[in-house]
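Here is what each chain is made of, one letter per residue.
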Amino acid sequence: MPAVEVMGTQWGDEGKGKIVDYLAQQADVVVRYQGGSNAGHTVSVNGEEYKLRLLPSGILYKGTYCVVANGVVVDPKVMLEEMDAMEKRGIDVSGIRLSNRAHVVLPYHSLMDGLSEELLGKGKIGTTKRGIGPCYQDKAKRIGIRVCDLMDKEEFRKRLKENLQIKNIELERLYKHAPLDYDEILKEYEGYAERLRPYVCDTIAFLNDELAADKKILFEGAQATMLDVDYGTYPYVTSSHPVSGGIGIGAGVAPNRLDTIVGVVKAYCTRVGEGPFPTEQLNEVGEKLREAGHEYGTVTGRPRRTGWLDAFVVRYAGLLSGIDYMAITRLDILDGFDEIKMCVGYKYKGERLNEIPASLKVLAEVEPIYETFKGWKQDISGIREYKKLPEEARVYLERLEEVSGIALGIVSVGPNRDQTIILADDIF
Ligand code: GDP
Ligand code: IMO
Ligand code: MG
C-alpha cells in the first residue's frame, strides 16, 4: 500500500510539480489535498511546459487517476479551464476525480480577497487574490458551499441565495462595492456543475479502496511549510495545511498510511508576498538569483523575493512533517556563483536560537548565521549521477543533510523530467 507525499519545505515554488511529475511515473493515483488555484506547479516534458493550478501534476500520464480531494478549495472555472487546456494539448482528463466534500470558490471569494488586501493597505498579506482565504473562512464559519451542494440544484440555489445576501451586505457596507447578481452566478455555476458532475465522487472511499488494493498513491502538496496557517510565518501565510499532517484532514487518508515523505528544497530561497524572510538578499546577490532563476510568480507574475538557502527552516520542516528524504531542486541555478552561502541557524540579540521563533517581530530581527561555500562554476545540467557532481556541490548538499538532519533522496539539475539524479531507490 505505498503512499508517498511530496511537499514544500520553504515558502513555495520549490519545484514540487517537477518532483511529483517525476515520481508519478510509478504512481497509480496523484492527489491534491489542500490549497487551491493559488498553486502554480510547472512541469516540463520534452521541451513542453505545463502550468498546473488545481489539477494534480500526474495528469500527464495516461491511466493515472488525479484526485482533487476534500481539503482543496475548488474554483470550478479554473478547474474547467485547465481541463480544457489539457484536452486541447491531447491530454486525457478522464482520470480526474473531484471530492464531493471539497469547498467551492465563488466569485465573491476572489473579489473579497482583493478588496480585503486593499483595505489592509500596508498591512496586506500579498495573497494571490484567488479567493483562497475567504473560501476557507466560509468553511470554518460553517457557511461554505461544497461540491455536493453544487451538484444538488435545489440546495445550491438555497445556499447561494443565503450566502449572497450576507456577502452583498459586506460588499456594499464594508467595501463600498456594487452587489453581485444572484441570477448571473447561478447560471454560471449551474453550467459548471453539469460539466463537473461526471468527475465527482467520494474520494475518501476511492483513495482508501485504492490503498487496500495495493495501488501506489502520490500526494502532491501545494504551498509549503512556512506558509502553513499553523506553522508558517503567521499571518503572512496561506489558509491551509501544506505540512504532511494536512493529508489526514484534506484527503481522508490516515497518517499511519503514509510510507515516505519527500520534502522539496530549492537550493536557495524565494518568497512571494509579504512577511519575514531572514535570508533575503536585497542586493546584487538577490538580483543575480532572480535573474539566473527567472524567479517570477507562475500565478501572478510578481517578482519573487530571493535569498540564500535557510537550512534551519528545512530542519524545522523536517521535524513538522517527518520528512524522510529531501529532493533538492534548481541546484543548476547556482552554477555561476563564485561563493554560495547557507544559513545554519539564527541569532537574536546576540544569542543563538534553538527553534524558529513564533513571534514575527523576533523573526524579522533575527540574524542568520551563515556558512560560506565555494561555488562549482560549471554547468551541471547534464549530470545524471550524484558522484559526477562537482565536489563543491556535494560539499554544499552534504552540509545541508547534516544541518537539516534529513537524507538526500533526489537532486534536480534542470526543469525537465530527465534532469533528475536519484539517490534513494526506495521512495515507492
Ligand atoms: P512548485 O510550485 O513547487 O511546483 O514550483 P514552481 O513550478 O512554481 O517553480 C519551480 C520552477 O522551477 C518551475 O519553472 C520548474 O519548471 C523549475 N524547475 C524545477 N526543478 C528545476 C531544476 O532543477 N532546475 C531548473 N533550472 N528549474 C527547475
Ligand atoms: P505553490 O504551490 C508561493 C503565498 C502568497 C501569499 C500567501 C497567501 O506554487 O508553491 P493566498 O492566495 O494563499 O491566500 O496567499 O501565500 N502563496 C504562495 N507562494 N507558492 C505558492 O504555491 C503559493 N500559494 C500561496 O504569495 O504570500
Ligand atoms: Mg509554484
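Criteria and cut-off values
- Throughout this description, residue numbers start from 1 for each chain and increase along the sequence as written.
- Here the convention is simple: chains get letters from A, ligands get numbers from 1, in the order in which they are written.
- Side-chain atom pairs in this predicted model are given and counted only at pLDDT of 80 or more, local residue features only at pLDDT of at least 70, and totals for whole chains, interfaces and linings cover all residues.
- To get the side-chain values, take all heavy atoms of the structure and skip hydrogens and water.
- Only N, O and S atoms count as donors, using a 2.8 Å limit from the metal and a wider 3.2 Å limit for Na, K and Ca, and since water is excluded some coordination spheres may look unfilled.
- Secondary structure is summarised from DSSP: a helix means a run of H or I of at least four residues, a strand means a run of E of at least two, and numbering begins at the N terminus for each.
- When a residue's accessible area, from a 1.4 Å probe over protein chains only, is under 20% of the maximum for its type it is buried; when over 50% it is exposed; and in between it is partly exposed.
- Whether a residue is near a molecule or strand depends on its heavy atoms: it is near if one of them lies within 4 Å of it.
- We call two N or O atoms a polar contact when they sit within 3.5 Å, provided that within protein one can donate a hydrogen and the other can accept it, with sequence-adjacent residues counted only if both atoms are side-chain atoms.
- Where accessible areas are quoted, they stem from the Shrake-Rupley method and a 1.4 Å probe; at the residue level, only the protein chains shown are allowed to cover.
- Ten residues, namely Ala, Val, Leu, Ile, Met, Phe, Trp, Tyr, Cys and Pro, are considered nonpolar, four, namely Asp, Glu, Lys and Arg, are considered charged, and the remaining ones, Gly among them, are considered polar.
- Patch definition: residues above 30% relative accessible area lacking any salt bridge, with like charges linked at up to 9 Å and the nonpolar side chains Val, Leu, Ile, Met, Phe, Trp and Tyr linked at up to 5 Å.
- Salt bridge, as applied in this entry: a Lys or Arg side-chain nitrogen positioned within 4 Å of an Asp or Glu carboxyl oxygen.
- As used throughout, the charge tally considers Lys and Arg to be positive and Asp and Glu to be negative, leaving His and the chain termini uncounted.
- Lys charges are placed at NZ, Arg charges at CZ, Asp charges at CG and Glu charges at CD.
- Each domain's limits were defined by an automated method or a database of domain assignments.
- Here, nonpolar core means buried Ala, Val, Leu, Ile, Met, Phe, Trp, Tyr and Cys residues that are tied together by side-chain atoms lying within 4.5 Å of each other.
- Here, two residues are considered to be in contact whenever any of their heavy atoms come within 4.5 Å of each other.
- A 1.4 Å probe defines the accessible area here, and the buried area is the portion of it lost by two parts on being joined, summed over both.
- Working note: the arc is built from the helix axis to C-beta atom directions.
- To estimate the expected span of a helix, count its residues, drop one, and scale the result by 1.5 Å.

1. Here's the deal with the coordination of the magnesium ion (ligand 3)
Phase 1: Surrounding the magnesium ion (ligand 3) are the protein donor atoms Asp13 (OD) and Gly40 (O), at 2.0 to 2.2 Å. With Asp13 in the loop between strand S1 (3-8) and helix H1 (16-23) and Gly40 in the loop between strand S2 (29-32) and strand S3 (41-45), this pair connects stretches of sequence that are 27 residues apart.
Phase 2: Take Gly40: its relative accessible area is 13%, and that puts it in the buried class.

2. Remarks on the site of ligand 1
Phase 1: The local shell around ligand 1 holds 19 residues, among which Lys16, Gly17, Thr42, Asp332 and Ser412 are the closest.
Phase 2: Between ligand 1 and Gly40 there is a distance of 2.8 Å, counted from an oxygen atom to a backbone nitrogen or oxygen.
Phase 3: Within the side chain of Ser412, one N or O atom sits 2.5 Å away from an oxygen atom of ligand 1.
Phase 4: When the free accessible area of ligand 1 is taken as 590 Å², the share hidden by the protein chains comes to 93%.
Phase 5: For the shell around ligand 1, the secondary-structure elements that each account for two or more residues are H1 and S3.
Phase 6: Residue contributions to the shell around ligand 1 peak at three residues, all from H1.
Phase 7: Classifying every residue of the shell around ligand 1 by side-chain character gives three nonpolar, nine polar and seven charged.

3. Notes on a negative patch on the surface
Phase 1: A surface patch of like charges, here negative, comprises Asp181, Asp183, Glu184 and Glu188.
Phase 2: Looking at the secondary structure, you find Glu188 in helix H7 (residues 182-196).

4. Some thoughts on the site of ligand 2
Phase 1: The immediate surroundings of ligand 2 are formed by 20 residues, with Asp13, Lys16, His41, Thr128 and Thr238 found nearest.
Phase 2: Residue His41 places a side-chain N or O atom 2.7 Å away from an oxygen atom belonging to ligand 2.
Phase 3: In this structure, an oxygen atom belonging to ligand 2 sits 3.1 Å away from a side-chain N or O atom of Arg302.
Phase 4: Here ligand 2 has 550 Å² of accessible area as a free molecule, and 97% of this is covered by the chains.
Phase 5: Of the residues belonging to the shell around ligand 2, the class tally is seven nonpolar, ten polar and three charged.
Phase 6: Residue assignment places the shell around ligand 2 across two domains, with domain 1 (3-91 + 203-422) and domain 2 (103-198) each supplying three or more.

5. Description of the nonpolar core
Phase 1: Core analysis: the largest hydrophobic core is formed by 54 residues, its most contacted members being Phe219, Leu331, Leu389 and Tyr396.
Phase 2: The element that contributes the greatest number of residues to this core is helix H13 (residues 391-404), accounting for five residues.
Phase 3: Ignoring sequence-local partners within four residues, the contact set of Tyr396 consists of Ala267, Leu309, Leu331, Leu334, Ile340, Lys341, Met342, Phe373 and Trp376.
Phase 4: One finds Val147, Tyr182, Leu186 and Tyr189 within the second-largest nonpolar core, a separate group that totals 40 residues.

6. Considering the domain arrangement of the chain
Phase 1: According to the domain assignment, the chain contains domain 1 (3-91 + 203-422) and domain 2 (103-198).
Phase 2: With centres defined by C-alpha atoms, the gap from domain 1 to domain 2 works out at 29 Å.
Phase 3: Contacts between the two partners involve 29 residues from domain 1 and, on the opposite side, 21 residues from domain 2.
Phase 4: Each partner contributes to the roughly 2,000 Å² buried at the junction of domain 1 and domain 2, and carbon and sulfur atoms together form 59% of this total.
Phase 5: Summed over the three residues of domain 1 that lose the most area to domain 2, namely Val73, Pro76 and Leu80, the buried surface amounts to 28% of that side.

7. A few points about the pattern of salt bridges
Phase 1: In this structure the tally under the stated criterion is 28 salt bridges.
Phase 2: With a closest N to O distance of 2.8 Å, Lys167 and Asp138 form a salt bridge. Here Asp138 lies in helix H4 (residues 132-141) and Lys167 lies in helix H6 (residues 153-174), a separation of 29 residues in the sequence. Here the two residues Lys167 and Asp138 agree in accessibility, since each one is buried.
Phase 3: For Asp338, the salt bridge is made with Lys377, and the minimal N-O distance between the two is 2.8 Å. Here Lys377 lies in the loop between strand S18 (367-374) and H13 and Asp338 lies in the loop between strand S15 (325-329) and strand S16 (339-348), a separation of 39 residues in the sequence.
Phase 4: When salt bridges with common partners are traced through the structure, they connect Asp13, Lys266, Glu295, Arg304 and Arg330 into a single cluster.

8. Thoughts on helix H10 (residues 284-292)
Phase 1: For H10, the set of buried residues is Gly286, Leu289 and Arg290. Projected down its long axis, H10 carries its buried residues within an arc of 95°, all on one side.
Phase 2: Contacts from the buried residues of H10 go to strand S13 (305-307).
Phase 3: For H10, the N-terminal capping position is held by Asn283, with its side-chain oxygen 3.0 Å away from the main-chain nitrogen of Val285.

9. Some thoughts on H13
Phase 1: The end-to-end C-alpha separation of H13 is 20 Å, in line with the 20 Å expected for 14 residues at 1.5 Å each.
Phase 2: Burial in H13 covers these residues: Ala393, Tyr396, Leu397, Leu400, Val403 and Ser404. Projected down its long axis, H13 carries its buried residues within an arc of 125°, all on one side. Of the residues in H13, the exposed ones pointing more than 90 degrees away from the buried face are Glu391 and Glu402.

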